[in-house]
Amino acid sequence: MGETRLPRHMFLWSMAIIYMFAFASLYVQIPGLYGNEGVLPVRLVEPRVDGSRPVLEQIHAHPSLLWLGPRLGLDLDAQQAMELLCLAGALLALGAALLEPLRDSLVFFCLWVLYLSLCQVGQDFLRFQWDSLLLEAGFLTVLVAPLNLLRWRSAFRQHDAVTFWLVRWLLFRLTFGSGVAKLASHCPSWWGLTAVNHMFEAQGIPLPWSWFIQQLPDWYLKLGTVGLLVTEIAVPPLYFAPIRSLRLAAFYIQAVYQVKLMFLGNNGFLPLLSLALTFSLLDDDHISYWLGHGKKKSAKTWPQTIMSLVLLAVFAVIIYGTKVLFTLEIDWEAKTITSKTAFTQQQFGNWLKLVTGPTIWVGVLSLTWEVVAAMLGCVCVRGCLWKLWGLVQWAVIASAAVAVFAISVVPYSSMEQVYSSKILPEVRQAYSLVERYRLVSAYSLDSRMTGVDGRSEVVLEGSMDKNTWTEIEFMYKPGNVGMAPPVVAPHQPRLDWQMSQAAQGLAEQSPWFTSLVHCLLQGNKDVVRLIQTDSAQYPFSQAPPVYLRASLYKYWFTQTAQDGSGPKEWWRRGYSEEFYPAVQLGGLTLEGMLSQHGLKEKFPIQPSPDSPLAQALRQVRDHVQTLPGHLVLWSLLATVATIWLFKTLLSGVLGGRKAKPTPAEPKAKKAKDQPAAKNASASSLKAERENSEESRRDADKSPKKRK
């Protein structure tokens, strides 16, 4: 693979932007989710300081910075400490996005530690797969990023290709693992190729245009399911192809796929993160071609012609295999394409047993190639000391890369139990030692399709007299059938997502829901802001409800009107069953559920500290809490874009002042005089060199010099 300096820069910049979104999105939700009177107060799970134990031992037992606050003399409560970590992470990521020197290994290590600290105490609201993916990608970023702040000599970083290869391996595990999990789950929707027919309706938080996509013909949506499975299963092995054109083709396929996910659902920062990982398939030459600085096209040589034929042959095999395995047939009269799965679950299981081992060995060979190439690059450096220094760096980084790859095999092989049992016990033990740090994870995104018979939604209702009930509308999740789905990405409204997850099971399986009901009955304003930042939209803004209950409804998108006009109502719904009984403060039912789930108050709430840092945090909170989360993130994005625009314009103006324009010449004359100019410049350099040698000889002959 060629030089990857530019793709690494793109990856590091993207990771800084994603970290900024992740920290800022979580920050606006902390009071309601983790505040002292929030849904899951962080003070109840905050690690306790034990002065008798060594610091490193406590860090290993509770890898979170929250417990270091008292040791550092910070007079903050648990909520404020969590806010401080979020603000520090968001500001540090913003600086890294705007200033290249801050895209440093130490900076990204701080970002990773901050996010890990939050996830360690985040409980149910920070256990999504995209949080694990951000932690794993963030750790790899620490290895990929240079040490600019320590004035490291980046010219001798021959090991960059090795660390960047780990990003490609993560991309492979993410896409291939997600695709395999869809069929390995034996979900009827994936095997019947109808998953995409329900995907836009059943996703966590749909978009307005999800309604229009849902209206497409069934045969077209089934074809979309086939395309999705092929993209996630057949294309990822091309990431390690020895032919550059195959890797670039795989990049474009995956990049288009992630951009589609970005615009087809409110999936937070997950598509951005997956897109950032695809940059590991690029090289400097291709990005230079994008920027218009690439090499001029020349006549194709016979090796290039062979590579083009191989590329066509590979994709011809993929297309033909897709046609055979999914029985694609064109109905010219109806102008449709029919599709049907032509293989059985047993055959797929046998195939999975067959390919799991070889895919790991392909990774081993590919990593070995990168490690050996990096070693040869260190040996070829001029100077014995630089060779020795380069080899020392190579040995450290190569060992780290091999270790990360080895432990990543454990969650990857879990998709096939027979091969998983063959993993060396030493590797399993190493994985168990670092599991709490979430350095590697298994990914099975959307392995089972929900909402096949309708999207399940929990609808909260409040009442003052237990006779008249009023629905409580959330800002983001479906509720009011006449309300259009919102656009909130890259913001991740975690309570709304958890409400969608809770609707898939029983209330007893979501203990946090009892805490949510309890907070709303108390009229907790921070929790209410998670539901509605505009108090006018919350029906119990003047006084909290006396009773609360929750019902389970089935939601479906409405159909297109006969005249082809847009929807007057976006949803239709039907009552399913009771989800949570009517409860009130102090009632036996609510008190029993609080005790059952361990949500009864154990520690009295301490008065909020009044230190200068605590006051500053409260002032920042007062300015931010009136805005919805998605507007906060959009404002950050607009700020970054504006600053980048000013920097570009300013650099253009300063560059124009420094460079004196030369008078334009006719192109023909310029082309004709170019060889002559080169000869003239060469002769002038030769003449200057001769004159300098003559003057040096004359100086040596002078009397003063002899004396």
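Please read these numbers as outputs of a predicted model, since none were measured by experiment.

Cut-offs used in this document
- Residues numbered from 1 in each chain as written.
- Predicted model: local features only at pLDDT ≥ 70, side-chain atom pairs only at ≥ 80, totals over all residues.
- Heavy atoms only, no water.
- Salt bridge = Lys/Arg side-chain N within 4 Å of Asp/Glu carboxyl O.
- Helix = DSSP H or I, 4+ residues; strand = E, 2+ residues; numbered from the N terminus.
- Buried < 20%, exposed > 50% of the residue type's maximum accessible area, 1.4 Å probe, protein only.
- Pairing = 2+ DSSP bridges.
- UniProt positions renumbered as here; feature names shortened; annotations may be inferred.
- Axes fitted to C-alpha atoms, helices over the stretch in contact; angles between N-to-C directions.
- Parallel < 35°, antiparallel > 145°, perpendicular 65-115°, else oblique.
- Left-handed = near helix turned anticlockwise from the far one by under 90°.
- Contact = heavy atoms within 4.5 Å.
- Nonpolar A, V, L, I, M, F, W, Y, C, P; charged D, E, K, R; others polar.
- Polar contact = N/O pair within 3.5 Å; in protein donor to acceptor, adjacent residues only side chain to side chain.

*Asks:* So what about the pattern of salt bridges? Which residues, and what values?
*Replies:* One pass over the structure, following the stated rule, counts 15 salt bridges. The closest approach of N and O atoms between Arg8 and Asp160, which form a salt bridge, is 3.1 Å. Taken together, the residues Arg8 in helix 1 (residues 5–27) and Asp160 in helix 7 (residues 160–184) connect sequence positions 152 residues apart. For the pair shown, Arg8 and Asp160 are each scored as buried. Salt bridges sharing common partners tie together Arg455, Glu457 and Lys477.

*Asks:* Got a sec to walk through the sheet that holds strand 6 (residues 571–583)? Specific residues and values, please.
*Replies:* With respect to topology, four strands assemble into an open sheet ordered 4-3-5-6, the strand pairing being antiparallel. What marks the edges here is a single partner per strand, and that holds for strand 4 (470–471) and strand 6. Inspection of the sheet shows strand 3 (residues 455–463) paired to strand 5 (residues 547–557) by nine bridges, in the antiparallel sense. The residue bridging Ser463 from the neighbouring strand is Tyr547, located in strand 5.

*Asks:* Mind laying out the pairing of strand 5, listing which residues take part and the relevant values?
*Replies:* A regular strand places its side chains so that they alternate between the two faces of the sheet. For strand 5, the buried fraction is high: nine of the eleven residues fall into the buried class. Judged from the nine bridges that link them, strand 5 and strand 6 form a sheet pairing that is antiparallel. Bridging from a neighbouring strand, Leu548 pairs with Val583 of strand 6.

*Asks:* Hey, could you go over the UniProt feature "transmembrane region" (unreviewed entry) in the protein chain for me, with residue numbers and the actual values?
*Replies:* The feature "transmembrane region" (unreviewed entry), as annotated in UniProt, sits at residues 12–30, 81–99, 106–126, 132–150, 302–322, 360–381 and 388–412 in this numbering. Taken as a whole, residues 388–412 contains 100% helix and 0% strand, while its terminal C-alpha atoms sit 36 Å from one another.

*Asks:* Describe the packing of helix 7 against helix 13 (residues 270–278), with residues and values.
*Replies:* Look at helix 7 against helix 13: their axes get within 8 Å of each other, and the N-to-C directions meet at 130°. The angle between helix 7 and helix 13 places the two elements in the oblique class. Crossing handedness for the pair helix 7 and helix 13: left-handed. Contacts between helix 7 and helix 13 involve Val167, Leu170, Leu171 and Leu174 from the former and Ser274, Leu277 and Thr278 from the latter. Among the residues forming the contact of helix 7 with helix 13, the class breakdown is five nonpolar, two polar and no charged.

*Asks:* So what's going on with the environment of Arg621? Residues and values would help.
*Replies:* Note that Arg621 resides in helix 24 (residues 612–624). Assessed through its relative accessible area of 7%, Arg621 is described here as buried. Spatially, the C-alpha atoms of Arg621 and Tyr27 are 9.2 Å apart, while their sequence positions differ by 594 residues. The residues touching Arg621, leaving out its near neighbours within four places in the chain, are Tyr27, Val28, Ile30, Pro31 and Glu83. Among the polar contacts listed, one links the side chain of Arg621 to the side chain of Glu83, at a separation of 3.1 Å.

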